[in-house]
Amino acid sequence: MRQVKSVVFLGCWLMLATYPSEARSPDMMGNRHVPSRQQEVRGRVVDDAQQPLSGATVSVKGSETKASTDEWGNFAITLPADTATLVVSYIGFVTQEYPVWADRSGEIVVTMEAEAANELDEIVVVGYGTQRKRDITGAVSSVDAQAIAEVPVTQASQALQGRAAGVLVTNTSNKPGAGATVRIRGNRSFSAGNDPLYVIDGIPITGGLQDIPPQDIASMEVLKDASATAIYGSRGANGVVIITTNRGATGATVVSYDAWFGMSNVYKQIEMMDGSRFAEFKRESRRATGDYDDSDPNADRNTPGLFSPVELESIALGRSTDYQDLMLQTGHSMNHSLSVRGGSEKTRFNISLNYMNDQGIIPIQDFNRYALRLNLDHDIGERIRIGASILGNYSITNGQNLNPYDDTLLENPLGVPYDENGELVFLPTPDGLRSNPLSELVPGALLNRNKRMRLFSSLYGEVQLAEGLTYRLNFGPDLIQNRVGNFQGRYTNARLGGSTAAQGNEDLVFNYTLENLVRYNRVFNDRHSLEVTGLFGIQHRQFEATNISVRGIPVEEMQYYNFGAAEEILGTGSSFEQWDILSYMGRVNYGYDDRYLVTLTARIDGSSRFGRNHRYGFFPSVAVGWNISNESFMEGAEFFDLLKLRATYGETGNTGIAPYGTQGLLARTTYAFDETGAFGFRRNQLQNDNLKWETTRQLNVGLDFSIFNGRLSGSAEYYRQDTRDLLMQRQLPFTSGFGSVLENIGATRNVGVEFSLSTVNIQAEDERGFNWTTDLNFATNKESILELYGGAQDDVGNRWFIGEPIQVYYDFEKIGIWQANEAEAAASYGRVPGEIKIKDQNGDGVINDLDRVILGNNRPSLTGGFTNRFAYRGFDLSVFLFFNVGNMIYSTFHEANNTLFGRYNNLNVDYWTPDNPTNAYPRPNQNQERPVYSTSMAYFDGSFLKIRNINLGYNFPSSWAARIKAQSLRLYVSAQQPLIVSSYVNRHQGVDPEGIDFNSDSEQLPVDTPPVRTWLLGLNVKF
């Protein structure tokens, strides 16, 4: 930490301190003056811009006497002796300490200077403890509160997007309240899951981060290599994300209020055919089959089944209906966060309230979240500390599983959605399978509502047993209740005028974690530092659920609240799951002379999910670090603040299989008992007591650097991960009575490079000058399958290939459209001009399965993020963008909306006709529900660049803030996702390349909500 100077006026004190006391003036009675031993001293605390600091703590050193400054920075304090030392502290400023005397005249003016934290000495959470950044030996990326606050998001996991090298975050949907998929250094497993472990305030949780308001988060650390993650053993194979929430601090109570309000509009409407274009499209679909006679001036009326009366009327009037425009609205969102933070030397607290509302651009989709958090720490004497972190959350999500937007794309633009009285027309055309998508927006007609409640706690007690030796008990109960209700009214596309239907699902989850930690930390002879951590813990999870499905709700207003009134119960069900993990862990951190660092970690986990023969797994790791910059031969290289080389090797496990996956299970069946039908049970799953852990061995080599007093800093990483004993279903011959059995068969590898760089491009001499900083990170990852079923043979049926990523696109290769001058060649393949031309890979004159090839994969070859921050005279500007390069996407959206069938509306594509011999898309054909080889048209380059956020703010001077009795005041405007650069969007009528989840193990459904641009106005104020 750099040295700072405080301005304290001590001249009078120096004069009086050296002036003989006998020479002081006598009082009116002729007596010598004796200074009072109790006298009030007044003063003022300001920052280096001479603006008052409200809420600063002023105390008398060595006593319990304290005072706080008012909104003008003024304070008054009583000194207990002739001379004393005042200690002035304020969050974010360097603590000042200096002597004063009791009978001095005039006020004391204390000028505080903001802290300039040394980034290398920042404390980073590394799992069951903390370390200085310069002492870390593993691969750890940090995202601080500033980066989280720069991009207002709904889900905390979205704040990681583009912020940490090697961490790939994709939004799974554009609906309000939708979450994100997180992958750390690629996919490893086929069926045991690839999601990271999330740890909140020291407690591992199950599930994602949808219940944690981002405003409550102080920092997020991502543990990526084996040394960093092995401490979590069986749950660390896919990486670990550690969340630390805001805690209290000693000092005056600070009240913070953060709020923003936003308006959202669709980023880009899908370019579908309008009425005239659709009419010509239908005509062409009949020409292809010889059913449309262009020489007939009345062909539109005379061609059977071509146009209905309402379509003919629309053609004559030039009328076209844009259902997208009628359905989409301007969305709005708001967030309010109120926190109260403070504490004494013994007790520190932080209380926060959060309300989040996000109304989507589709009226029946919205998200509401209410959250209350209490963080409390209390010291009992000098050796005992207790604390709690309690989160209460209630959220309501509407329309998460509804897809009315997709219906607007397929709807006939020649139909009429409203009658002459302005009432909805349920069937805009005589097509009985295409109802009016706007009817699903009628209040109460279509419901999908998820009500979620969660009570999550992290409780601890810590006692210092001896110097450097502490014991800590962590207990984390977690209770989650979900209730999902669905209702489909009669006049919706799902029911098409038939009877109503309703479903209900309810589940209850109870988790708890109990951990015993012993930690020993000492420094010997100023050279040897030693930290030893031991753990014994258990984690328990219990899940129970019920569901019911009915048909024929008599009164639609009942929705899903009265299943007993339904005409017919279609099905009921219930389920129960329970699993436990028993863990032992030990870790040793040793450092010599701040030059050589060693970390040894070992963890043993026992999981109830595995069979008796391999229930326990052992996960060791070793890490070494060399602070080269602290060597004697580097003394002349003063521009190096840090140059550290580190390497790690270790193992982590994956227990991500369903409970009871190793056991022999039964399923209900029917059989004939004499001549009577009866229910019984049969074996449904083979038992496998030899099933064991998936294990990932990982090598990581890293280099950390910082030069020119932190003006240029960053890190570079190389890693290789080999995952063996993959948990997979081995296919069995059906003659065995079973289709498959879960076994350890297979291996994968991930190899990659990561790079992070932070630069201070321009640094002003004072904080109000011009400052410019940049953060850049990028990463590469090559994912490949090494082994399947114990050998190197491909599994074509599952599209798994040795040497390729887990998910590849294996299909026919489209090379154009058969043209009129290729009619003979097309006929040899059974095709005609205007149809898709497929490459004959082996040249045998036949298109069959042997001509399918690997077209690409869903893994980007390069990912990254880029942030620029500017500040000048109270203004601040941040611009954040992220990118993915080199992946392919399979767009089921194009498959669903580019059928070229002639019945439903279609993407406005360049299709083939005899007069338009394009190679882009085939000729419409009423006899083909989809073109032959239609899937070959759905593969696109998934590369994209997104400007994720532009944030412009102004920090008002303290004097302005003081007018509302505030310490600080900031207003800002923000533009979210103002620009998407993507060939998929800009050239191929695609929706959102990020929305097609290349992290998933399955293909994405057609688009349900398009991406949006959001404009925000926000306020940050502290009192």
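Residues numbered from 1 in each chain as written. Predicted model: local features only at pLDDT ≥ 70, side-chain atom pairs only at ≥ 80, totals over all residues. Heavy atoms only, no water.

**Structural notes on the overall build of the chain**
Here comes step 1: The helix and strand inventory of the chain stands at 12 helices and 48 strands.
Here comes step 2: Taking 2.2 N^0.38 as the reference for a compact globule, 1023 residues should give roughly 31 Å; the C-alpha atoms of the chain span a radius of gyration of 34 Å, in line with that estimate.
Here comes step 3: Seen through its C-alpha atoms, the chain measures out along the principal axes to roughly 130 × 70 × 65 Å.
Here comes step 4: Taking all 1023 residues of the chain together, 51% fall into the buried category.
Here comes step 5: Long-range pairs, those at least 24 residues apart, make up 68% of the contacts in the chain with a sequence separation of at least 6.
Here comes step 6: Accessible surface computed for the chain: about 45100 Å², of which carbon and sulfur atoms make up 54%.
Here comes step 7: Positive and negative side-chain charges of the chain, numbering 90 and 117 respectively, have mean locations separated by a distance of 5 Å. (Helix = DSSP H or I, 4+ residues; strand = E, 2+ residues; numbered from the N terminus. Rg over C-alpha atoms; globule rule 2.2 N^0.38 Å. Buried < 20%, exposed > 50% of the residue type's maximum accessible area, 1.4 Å probe, protein only. Contact = heavy atoms within 4.5 Å. Areas by Shrake-Rupley, 256 points an atom, 1.4 Å probe, with all protein chains shown as cover. Lys, Arg positive; Asp, Glu negative; His and termini not counted. Charge placed at Lys NZ, Arg CZ, Asp CG, Glu CD.)

**Description of the pairing of strand β46 (residues 944–955)**
Here comes step 1: Note: strand β43 (residues 875–885) against β46, 10 bridges, orientation antiparallel. Note on β46: the bridge partner recorded for Phe883 is Leu945.
Here comes step 2: As paired strands, β46 and strand β47 (residues 968–981) are joined by 10 bridges and run antiparallel to one another. Across the sheet, the residue bridging to Tyr954 is Leu971, located in β47. (Pairing = 2+ DSSP bridges.)

**A short note on the pairing of strand β11 (residues 167–171)**
Here comes step 1: With 5 of its 5 residues buried, β11 lies for the most part within the structure.
Here comes step 2: Both faces of β11 are covered, namely the face carrying Val167, Val169 and Asn171 and the face carrying Leu168 and Thr170.
Here comes step 3: By the bridge criterion, 5 bridges tie β11 to strand β12 (residues 180–184) in an arrangement that is antiparallel. What sits directly across from Leu168, in β12, is Arg183.

**Details of the pattern of salt bridges**
Here comes step 1: Inspection of every chain in the model, using the stated rule, returns 47 salt bridges.
Here comes step 2: Residue Glu651 pairs with Arg697 through a salt bridge whose shortest N-O separation is 2.9 Å. With Glu651 in strand β29 (residues 640–654) and Arg697 in strand β32 (residues 694–707), the pair connects residues that are 46 residues apart, well separated along the chain.
Here comes step 3: Asp849 serves as the salt-bridge partner of Arg852, at 3.9 Å between the closest nitrogen and oxygen.
Here comes step 4: The class for Arg852 is partly exposed, based on a relative accessible area of 26%.
Here comes step 5: You can call Asp849 exposed: its relative accessible area is 52%.
Here comes step 6: Within this structure, Glu280, Arg283, Glu284, Arg287, Asp294, Asp300 and Arg923 form a network of salt bridges that share partners. (Salt bridge = Lys/Arg side-chain N within 4 Å of Asp/Glu carboxyl O.)

**Regarding the nonpolar core**
Here comes step 1: Counting residues in each nonpolar core, the largest one holds 45 residues, and the members touching the most others are Ile270, Ile362, Tyr405, Phe893 and Tyr921.
Here comes step 2: The element contributing the most residues to this core is helix α4 (residues 275–287), with 3 residues.
Here comes step 3: Discounting residues that sit within four places of it in the chain, Ile270 has contacts with Gln324, Tyr405, Leu409, Phe893, Leu907, Gln989, Gly990 and Val991.
Here comes step 4: Residues Ala164, Val222, Val241 and Ile243 belong to the second largest nonpolar core, which totals 31 residues. (Core = buried A, V, L, I, M, F, W, Y, C linked by side-chain atoms within 4.5 Å.)

**With respect to the packing of aromatic side chains**
Here comes step 1: Counted by the stated rule, this structure contains 32 aromatic pairs.
Here comes step 2: Each member of the aromatic cluster is reached from another via a ring pair, and the members are Phe770, Trp772, Phe870 and Tyr872. (Phe/Tyr/Trp six-rings, centres within 6.5 Å; stacked < 30°, edge-to-face > 60°.)

**With respect to unusual backbone geometry**
Here comes step 1: Of note, Gln559 is a non-glycine position whose phi angle comes to about 50°, a positive value.
Here comes step 2: Examined against the element boundaries, Gln559 turns out to sit in the loop between β25 (528–551) and β26 (568–592).
Here comes step 3: Of note, Tyr933 is a non-glycine position whose phi angle comes to about 65°, a positive value.
Here comes step 4: Along the chain, the position of Tyr933 falls in the loop between α10 (892–897) and β45 (939–941).

**A word on the environment of Gly177**
Here comes step 1: Along the chain, Gly177 turns up in the loop between β11 and β12.
Here comes step 2: Gly177 gets classed as buried once you look at its relative accessible area, which sits at 14%.
Here comes step 3: Sequence separation of Gly177 and Phe367 is 190 residues, and the distance between their C-alpha atoms is 5.3 Å.
Here comes step 4: In contact with Gly177, other than residues within four places in its own chain, are Thr154, Gln155, Asp358, Phe367 and Gln400.

**Remarks on the side chain of Thr533**
Here comes step 1: With respect to the helices, strands and loops of the structure, Thr533 is situated in strand β25.
Here comes step 2: Once residues lying within four places of it in the same chain are set aside, the contact partners of Thr533 are Tyr128, Leu517, Val518, Arg519, Met585, Gly586 and Arg587.

**A few points about the sheet that holds strand β10 (residues 140–144)**
Here comes step 1: If you walk across this open sheet you meet the 5 strands as β10-β15-β16-β13-β14, and the pairing is mixed. Of all the strands in the sheet, just β10 and β14 (203–205) have a single pairing partner and so form its edges. Strand-to-strand twist across the sheet, computed as the mean angle between neighbouring axes with direction ignored, equals 25°.
Here comes step 2: In the sheet, strand β13 (residues 197–200) pairs with strand β16 (residues 240–245) via 4 bridges, with the strands oriented parallel. Within β16, the residue paired with Ile200 across the bridge is Ile243. (Axes fitted to C-alpha atoms, helices over the stretch in contact; angles between N-to-C directions.)

**Topic: helix α6 (residues 309–317)**
Here comes step 1: Those residues of α6 that sit buried are Val310, Glu311, Leu312 and Ser314.
Here comes step 2: Close packing links the buried residues of α6 with α4 and α5 (299–302).
Here comes step 3: Of the residues flanking the end of α6, it is Gly318, one or two places downstream, whose phi is positive at about 70°.

**Observations regarding the environment of Ser607**
Here comes step 1: Following the sequence through the fold, Ser607 ends up in strand β27 (residues 596–607).
Here comes step 2: C-alpha of Ser607 to C-alpha of Leu582: the two residues are 25 residues apart in sequence and 6.6 Å apart in space.
Here comes step 3: In this structure, Ser607 is in contact with Asp580, Ile581, Arg615, Thr655 and Trp693, ignoring residues within four places of it in sequence.

**What about the confidence of the model for the chain?**
Here comes step 1: With 92% of its residues at a pLDDT of 70 or more, the chain shows a mean pLDDT of 86.
Here comes step 2: Low confidence marks residues 1–36, where pLDDT is under 50. Its contacts with residues over four positions away, or in another chain, come to 34 contacts.
Here comes step 3: Counting interchain partners and residues more than four positions distant, the pLDDT-below-50 stretch residues 997–1005 has 32 contacts. (pLDDT = per-residue confidence, 0-100.)

**A word on α4**
Here comes step 1: Taking 1.5 Å as the rise per residue, α4 with 13 residues should run 18 Å; its terminal C-alpha atoms sit 19 Å apart, in good agreement.
Here comes step 2: In terms of burial, α4 is largely enclosed, as 10 of its 13 residues are buried.
Here comes step 3: Restricting attention to buried positions, one finds in α4 the residues Gly275, Phe278, Ala279, Phe281, Lys282, Arg283, Glu284, Ser285, Arg286 and Arg287.
Here comes step 4: Contacts made by the buried residues of α4 are with α5 and α6. (Expected span 1.5 Å × (residues − 1).)

**Observations concerning the side chain of Asn194**
Here comes step 1: Following the sequence through the fold, Asn194 ends up in the loop between β12 and β13.
Here comes step 2: At a separation of 2.9 Å, a polar atom in the side chain of Asn194 contacts the main-chain amide nitrogen of Ser189. (Polar contact = N/O pair within 3.5 Å; in protein donor to acceptor, adjacent residues only side chain to side chain.)

**A few points about the environment of Gly710**
Here comes step 1: By secondary structure assignment, the location of Gly710 is in the loop between β32 and β33 (712–724).
Here comes step 2: Spatially, the C-alpha atoms of Gly710 and Thr111 are 26 Å apart, while their sequence positions differ by 599 residues.
Here comes step 3: With near-sequence residues (within four places) excluded, Gly710 lies in contact with Asp641 and Val760.

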